[in-house]
Amino acid sequence: MSRSWGDPDVIRRILTGCQTWAVVGLSTNTDRAAYSVARFLQERGKRIVPIHPSAPTVHGEQGYASLADVPFGIDCVDVFVRSELAGPIAKEAVEAGAKAVWFQLGVVDPDAFAETTDAGLAMVMDRCPAIEWPRYFGRE
């Protein structure tokens, strides 16, 4: 594992600077990690945007089938899909003008990391914002 995938300065910058989080893979399934992590982010003042093929409304926020369908700016794209599907989503994040990409625990794609950071986006892989948050801001 590369330390740069979880650079503390990048993590802090994303957590503090990104207000609108597109959560790819977020559905109404309460058993999935995306559901609880999205709620966690929302409770900390972040706007969440569900991205899922069925485009459900989750936590009171309108869902969209893809990043390209979102009619407003996205700061961070938080990815809850298998590693083999994550690279194309990172490319979509670049095309959508996102500032950052966050691959969740277990989601690793070194090529996507290189391409995304080369495009100027901040990126974190194999981490969870709900786990990282207390390390930087304490328990609330």
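Going by the structure above, here's the rest.
Residues numbered from 1 in each chain as written. Predicted model: local features only at pLDDT ≥ 70, side-chain atom pairs only at ≥ 80, totals over all residues. Heavy atoms only, no water.

J.: So what exactly am I meant to see when it comes to the side chain of His-59 here?
T.: Along the polypeptide, His-59 turns up in the loop between β2 (47–51) and β3 (76–79). His-59 sits in the buried class, given a relative accessible area of 14%. A distance of 2.9 Å separates a polar atom in the side chain of His-59 from the backbone oxygen of Tyr-35. Looking at His-59, its side chain comes within polar contact range of the side chain of Arg-39, at 3.1 Å. When near neighbours in sequence (up to four residues on either side) are disregarded, His-59 contacts Tyr-35, Ala-38, Arg-39, Gln-42 and Ile-48. (Helix = DSSP H or I, 4+ residues; strand = E, 2+ residues; numbered from the N terminus. Buried < 20%, exposed > 50% of the residue type's maximum accessible area, 1.4 Å probe, protein only. Polar contact = N/O pair within 3.5 Å; in protein donor to acceptor, adjacent residues only side chain to side chain. Contact = heavy atoms within 4.5 Å.)

J.: I keep staring at the environment of Ser-83 and nothing clicks. Help me out?
T.: Mapping Ser-83 onto the fold places it in helix α3 (residues 83–96). Sequence-wise, Ser-83 and Ala-96 are 13 residues apart; in three dimensions their C-alpha atoms are separated by 20 Å. Excluding residues that lie within four positions of it along the chain, Ser-83 makes contacts with Gly-106, Val-107, Val-108 and Asp-109.

J.: Which parts of the structure should I look at to understand the pattern of salt bridges?
T.: Here the idea is simple: oppositely charged side chains can pair when their charged atoms come close. Using the criterion set out here, one finds seven salt bridges in the structure. Linking Glu-43 and Arg-44 is a salt bridge whose minimum nitrogen-to-oxygen distance equals 3.6 Å. A single network of salt bridges, built from pairs that share partners, joins Arg-127, Glu-132 and Arg-135. (Salt bridge = Lys/Arg side-chain N within 4 Å of Asp/Glu carboxyl O.)

J.: Would you mind going over the side chain of Thr-20 with me for this structure?
T.: For Thr-20, the position within the fold is in strand β1 (residues 20–24). Given a relative accessible area of 13%, Thr-20 falls into the buried group.

J.: Help me out: how do you make sense of the packing of aromatic side chains in this one?
T.: Aromatic ring pairs: the centre-centre distance and the angle between the two ring planes describe each pair. Counted by the stated rule, this structure contains five aromatic pairs. Consider the rings of Tyr-64 and Phe-72, whose centres lie 6.2 Å apart with planes at 80°: the pair is edge-to-face. The exposure class of Tyr-64 is buried, given its relative accessible area of 17%. Taking relative accessible area as the criterion, Phe-72 reaches 25% and is therefore assigned partly exposed. Consider the rings of Trp-133 and Phe-137, whose centres lie 4.6 Å apart with planes at 50°: the pair is tilted. Linking Trp-133 with Phe-137, this pair stays in helix α5 (residues 129–137), spanning four residues, or about one helical turn. One aromatic cluster is present, formed by Phe-40, Trp-133, Tyr-136 and Phe-137 through successive ring pairs. The lysine or arginine in question, Arg-44, covers the ring of Phe-40, its NZ or CZ lying 3.6 Å from the ring centre. (Phe/Tyr/Trp six-rings, centres within 6.5 Å; stacked < 30°, edge-to-face > 60°. Lys NZ or Arg CZ within 6 Å of the ring centre and 35° of its normal.)

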